[in-house]
Protein chains: 2
Amino acid sequence: MSISPVTHYQSLNEQTAKDLAVSLNYFPQHSELNCREIGDGNLNLVFHIYESGQKGIIVKQALPYAKVVGESWPLTIERARIEANALKLQRIHAKDFVPEVFYSDDRLAITVMEDLSSLRILRSALIEGEDFPHLSDHIGTFLANTLYHTSDYALHPFKKKEYVKAFSNPELCKITEDLVFTDPFFNSDSNDFEEELLPAVNDLWNDFNLKLEVAKLKKSFVTETEALLHGDLHTGSIFADKNQTKVIDPEFAFYGPIGFDIGQFLANLIFQVIARDADEARDEIIFHITNTWKVFSEQFSILWKESGDAYTKVDGYLEYILEKAFRDSIGFGGCELIRRTIGLAHVADLDSIDDREYRYSAKLCSLALGRELILRRHTIANMEELIDTVLKNVSQGRDHS
Amino acid sequence: MSISPVTHYQSLNEQTAKDLAVSLNYFPQHSELNCREIGDGNLNLVFHIYESGQKGIIVKQALPYAKVVGESWPLTIERARIEANALKLQRIHAKDFVPEVFYSDDRLAITVMEDLSSLRILRSALIEGEDFPHLSDHIGTFLANTLYHTSDYALHPFKKKEYVKAFSNPELCKITEDLVFTDPFFNSDSNDFEEELLPAVNDLWNDFNLKLEVAKLKKSFVTETEALLHGDLHTGSIFADKNQTKVIDPEFAFYGPIGFDIGQFLANLIFQVIARDADEARDEIIFHITNTWKVFSEQFSILWKESGDAYTKVDGYLEYILEKAFRDSIGFGGCELIRRTIGLAHVADLDSIDDREYRYSAKLCSLALGRELILRRHTIANMEELIDTVLKNVSQGRDHS
């Protein structure tokens, strides 16, 4: 694996971040600049630099380590290059849904990009019940365009293979391989869950049919170079308001199976279906789940017609690709439901439920649903049956709580 | 794609090849050296340099172009680096079945290796009816070891991804993508077949179920990085005698689906089943087909137990991997049968059959069998049923001729 020359690396602070912004001519010299570090400090520094009352810029810098729940381990800054290049490529194909990159420096692991601070992080806004009418139209379009245009159907074989190499991302993929596909299904130190869940977790760990199916999904994740994925497409990686949706943070980008991005996004919407108790509030989310797939598959099918690959003209091939993406999405979504409930990295959608009983029942529901999606991914016929499966699990969870 | 610095490149001739061998100290100065160019001249120069009556060395140099059936197109010499590195890696894991590399120079595209001139090229020896009692034990062992040891089950994820990049081989893969998976199934200029086959070929081109299944196999070839393949494992890439078997020429090496190597080898044995007219002579080959799979799957299963991957302990996972490899082998083998019959690069097994009627019926059999293997790869239960399918097609071919 190539290691970035960290000898040149120095981490920014609020003053040096401002100096950089001025030296790059984003602001006139002697501007009255504000600078706030707004990152979560686990993997990156994120500076918001602006003149009062005006749109500013974001300066993001990768740290040479990762910190999760107090633990820290070394991590190269190579991911800053991957993220900047993924943003640039995604913006070519899905301009409206990706922030503009103004500048990047691989040696300093710095990306200067569009200020999105007028938007909200989707996860927290959804938790507060905010409504995003265009969310699924936008994400469905983002998925169709980024995944199609980086696939073998759109690219010359040489270009595709050049991208597979350029976006080789062993360190960040290893995090997913461990935290999504492995640790939650074994009694690993990295797992994190309330003691009350232990009986259900033990059932999972002893379910060897489930483990076999997760092994197959992990194999797909580590071997199938279908398209350039975002790699971490949860609702915390999306900024939005009523009219705009922007997908950020593709530092996990790599060539993988297209159902992985779709499944992670759908699973993170499903957390809201599980967490919300009013039917109407749930219906908004269910609409987005259904509509994300509808928009993705329709737009992917339109783009498919542009392909120069002779086999894309063969009846049934597009349907085969979409069917595979659908089944993979269900399986990967199931893994996401489980790992976000009992693995290292949780979601606020479940953890922020104050009522203890309600929270446990929500988490048990997430585990049961995750398991069912993984095991039944080849037999769930369509999106309607997927929604029925989600709602059946949610209402069973309610009955037990 | 990285282009090798061809400015330093100069092609060798018999004199400069000898000079190189002396300057590298393989022979004393003023030795009485013989040098013969023994390559087919299409992609490489191959010099056999030796003192009379003694074992010598082979100096292989990639040419900056490819010549096939008179046509010539440019090709970088990058493949020489791939081939030398693949030989070195395969030799670590399957020492007995891979020639030793003494020296390599990527800029000159030169590999100096063990002299195998005491062995015969397997294809021509099989055509002449020579018997190789250990062939399938050796190739099964070669396959199990090279494929297992370069897979996700044996390698640390960082090492695996480093190899995927190092063995990215866009140019040579494109040749396979075109000549194996695409051109033979469409009316392409590169195809080459006798006019008498046209009705059968037209049937193939109009078989859209077949095209759909080939599209799926091609997708697997271009997206699934299961293991480092030889990439061109036909009987012309194998040197052998009664006791030894050496696999040469891995210039097509890349990370792909493990069934591809197995399927190409089996298909090239099947050409001998089709071509031979005596039951007993056929039985030898059928033994090797059955035994290659048996040895491969048994030895792969033994190596699997060494894996540190937690999922390899889950019941059913090994069986799933072997089942996939079996089905893929059948499908890829079917493609090889068809493309070697009507595509650009033929096999002497069929082309050298003198009797016109017998040759046509053999070729029609190869096409029909190839089609059946591709279409039925998911339903052929085991090796026994595969052999039955081969023999049924062969005997139907005989009845019609």
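To be clear, the structure that these remarks concern was listed above.
Cut-off values and rules
Residues numbered from 1 in each chain as written. Chains lettered and ligands numbered in written order. Predicted model: local features only at pLDDT ≥ 70, side-chain atom pairs only at ≥ 80, totals over all residues. Heavy atoms only, no water. Disulfide = S-S within 2.5 Å. Buried < 20%, exposed > 50% of the residue type's maximum accessible area, 1.4 Å probe, protein only. Helix = DSSP H or I, 4+ residues; strand = E, 2+ residues; numbered from the N terminus. Contact = heavy atoms within 4.5 Å. Salt bridge = Lys/Arg side-chain N within 4 Å of Asp/Glu carboxyl O. Expected span 1.5 Å × (residues − 1). Least-squares fit on C-alpha atoms with pLDDT ≥ 70 in both. Core = buried A, V, L, I, M, F, W, Y, C linked by side-chain atoms within 4.5 Å. Pairing = 2+ DSSP bridges. Axes fitted to C-alpha atoms, helices over the stretch in contact; angles between N-to-C directions. Parallel < 35°, antiparallel > 145°, perpendicular 65-115°, else oblique. Left-handed = near helix turned anticlockwise from the far one by under 90°. Nonpolar A, V, L, I, M, F, W, Y, C, P; charged D, E, K, R; others polar. Phe/Tyr/Trp six-rings, centres within 6.5 Å; stacked < 30°, edge-to-face > 60°. Lys NZ or Arg CZ within 6 Å of the ring centre and 35° of its normal.

### As for the state of the cysteines
Residues and elements named next belong to chain A. The tally for this structure, following the rule as stated, stands at 0 disulfides over all chains. Its sulfur unpaired, Cys335 is 15 Å from the next cysteine sulfur, which belongs to Cys173. Its relative accessible area of 0% is what places Cys335 among the buried residues.

### Notes on the side chain of Arg359(A)
Residues and elements named next belong to chain A. For Arg359, the location among the structural elements is in helix H13 (residues 356–376). You can call Arg359 buried: its relative accessible area is 15%. Residue contacts for Arg359: discarding those within four places in its chain leaves Glu194, Leu350, Asp351, Ile353 and Asp354.

### Description of the pattern of salt bridges
Scanning the entire structure with this criterion turns up 68 salt bridges over all chains. Where Lys161(A) meets Glu177(B), a salt bridge forms, and the shortest distance between an N and an O atom there is 2.7 Å. Of this pair, Lys161(A) sits in helix H5 (residues 157–166) while Glu177(B) sits in helix H6 (residues 170–179), placing the two residues on different chains. Comparing Lys161(A) with Glu177(B), the two get one shared label, buried. The closest approach of N and O atoms between Asp351(B) and Lys363(B), which form a salt bridge, is 2.5 Å. With a gap of 12 residues between them, Asp351(B) in helix H12 (residues 348–351) and Lys363(B) in helix H13 (residues 356–376) connect regions that are remote in the sequence. Look at Asp351(B) and you get partly exposed, because its relative accessible area is 35%.

### Focus on helix H4 (residues 135–149) of chain B
Relative to the 21 Å expected for 15 residues at 1.5 Å per residue, H4(B) spans 21 Å between its end C-alpha atoms, a close match to the ideal helical length. Of all 15 residues making up H4(B), 14 are buried, and the element is well covered by its neighbours.

### Concerning unusual backbone geometry
In this structure, Asp249(A) is a non-glycine residue whose phi angle is positive, near 60 degrees. Relative to the elements of secondary structure, Asp249(A) occurs in the loop between strand S11 (245–247) and strand S12 (254–256). Looking at Asp249(A), the relative accessible area reads 23%, which means it is partly exposed. Notably, Asn25(B) is not glycine yet its phi reads approximately 70 degrees, a positive angle. Among the structural elements, Asn25(B) can be located in the loop between helix H1 (14–23) and strand S1 (33–37). With relative accessibility at 66%, the residue Asn25(B) sits in the exposed group.

### Notes on the environment of Ile262(B)
Residues and elements named next belong to chain B. You can see Ile262 is positioned in helix H9 (residues 259–275). Between the alpha carbons of Ile262 and Ala281 there is a distance of 22 Å; along the sequence they are 19 residues apart. In contact with Ile262, not counting residues within four places along its chain, are Leu143, Leu147, Trp293, Phe296 and Ser329.

### Some remarks on the interface of chain B and chain A
If you look at the interface, chain B gives 42 residues, while chain A gives 42 residues. Counting across the chain B and chain A interface gives 4 salt bridges. Every element with two or more residues in the side of chain B that touches chain A is listed here: helix H5 (157–166), H6, helix H8 (208–223) and helix H11 (317–342) of chain B.

### A closer look at the relation of the copies chain B and chain A
Relative to chain A, chain B is turned by 180 degrees and slid 0.0 Å along the rotation axis, the superposed coordinates differing by an RMSD of 0.0 Å. The relationship between the two copies is best expressed as a two-fold rotation axis. Closest approach to the rotation axis within chain B is made by the C-alpha atom of Glu224(B), at a distance of 2.4 Å. Interface overlap between copies is the fraction of interface residues in one copy that are interface residues in the other; for chain B against chain A it reaches 100%, indicating a shared surface.

### Considering the nonpolar core
If you look at the biggest cluster of nonpolar residues, it comprises 186 residues, and the most contacted ones within it are Phe296(A), Phe300(A), Phe296(B) and Phe300(B). Residues within four places of Phe296(A) in sequence aside, it is in contact with Gly140(A), Leu143(A), Ala144(A), Leu147(A), Ile258(A), Ile262(A) and Leu322(A).

### Let's talk about the side chain of Ser237(B)
By secondary structure assignment, the location of Ser237(B) is in the loop between strand S9 (227–229) and strand S10 (238–240). Residue contacts for Ser237(B): discarding those within four places in its chain leaves His230(B), Asp232(B), Lys246(B), Val247(B) and Ile248(B).

### Concerning the sheet that holds S10(B)
Residue and element names in this part refer to chain B. Read across the open sheet, the 3 strands follow the order S8-S10-S11; overall the sheet is antiparallel. Each having just a single partner strand, strand S8 (120–121) and strand S11 (245–247) make up the two edges of the open sheet. In this sheet, S11 lies alongside S10 in antiparallel orientation, the contact comprising 3 bridges. Across the sheet, the residue bridging to Ala240 is Thr245, located in S11. Its contacts with the sheet put H4 on S10 and S11, and the angle it makes with S11 is roughly 35 degrees.

### Regarding the packing of helix H4 (residues 135–149) of chain A against helix H9 (residues 259–275) of chain A
Each pair of packed helices gets described by two things: the angle between the helix axes and the distance between those axes. All names here are of chain A. Interhelical geometry of H4 versus H9 gives an angle of 165 degrees and a closest axis separation of 11 Å. As summarised for this structure, H4 and H9 are arranged roughly antiparallel, according to the angle between their axes. H4 and H9 meet at a crossing whose hand is right-handed. Contact residues: H4 offers Leu135, Ile139, Leu143 and Leu147, while H9 offers Asp261, Ile262, Phe265 and Leu269. Considered class by class, the residues forming the contact of H4 with H9 number 7 nonpolar, no polar and 1 charged.

### Describing the environment of Tyr317(A)
Mapping Tyr317(A) onto the fold places it in helix H11 (residues 317–342). The spatial distance from the C-alpha of Tyr317(A) to the C-alpha of Lys88(A) is 30 Å, given a sequence separation of 229 residues. Other than its neighbours up to four places away in sequence, Tyr317(A) contacts Tyr153(A), Trp304(A), Tyr311(A), Thr312(A), Leu212(B), Ala215(B), Lys216(B) and Lys219(B).

### Observations regarding the packing of aromatic side chains
Residue and element names in this part refer to chain A. Going through the model one piece at a time under the given rule, you end up with 38 aromatic pairs over all chains. Between Tyr148 and Phe300, the aromatic rings sit 5.8 Å apart at their centres with planes inclined by 85 degrees, giving edge-to-face as the arrangement. Note that Tyr148 is positioned in helix H4 and Phe300 in helix H10 (residues 279–304), a separation of 152 residues in sequence. Taken as a pair, Tyr148 and Phe300 share a single burial class, namely buried. Considering the side-chain rings of Phe221 and Phe254, the 4.8 Å spacing of their centres and the 50 degrees angle between planes classify their relative orientation as tilted. Here Phe221, found in helix H8 (residues 208–223), pairs with Phe254, found in strand S12; they are 33 residues apart in sequence, far enough to count as distant. Each of the two residues, Phe221 as well as Phe254, counts as buried. Stacked on the ring of Tyr360, the Lys or Arg Arg359 has its end atom at 5.5 Å from the ring centre.

### Here we look at the packing of H9(A) against H11(A)
All names here are of chain A. Interaxial distance between H9 and H11 falls to 7 Å at its minimum, and their mutual angle equals 50 degrees. Overall, the two elements H9 and H11 adopt an arrangement that is oblique. Along this stretch, H9 crosses H11, giving a crossing that reads as right-handed. Along the contact surface, H9 presents Gly259, Phe260, Ile262, Gly263, Gln264, Ala267, Asn268, Ile270 and Phe271, while H11 presents Ala325, Asp328, Ser329, Phe332, Gly333, Glu336, Leu337, Arg339, Arg340 and Thr341. When the residues that make up the contact of H9 with H11 are grouped by side-chain class, the tally is 8 nonpolar, 7 polar and 4 charged.

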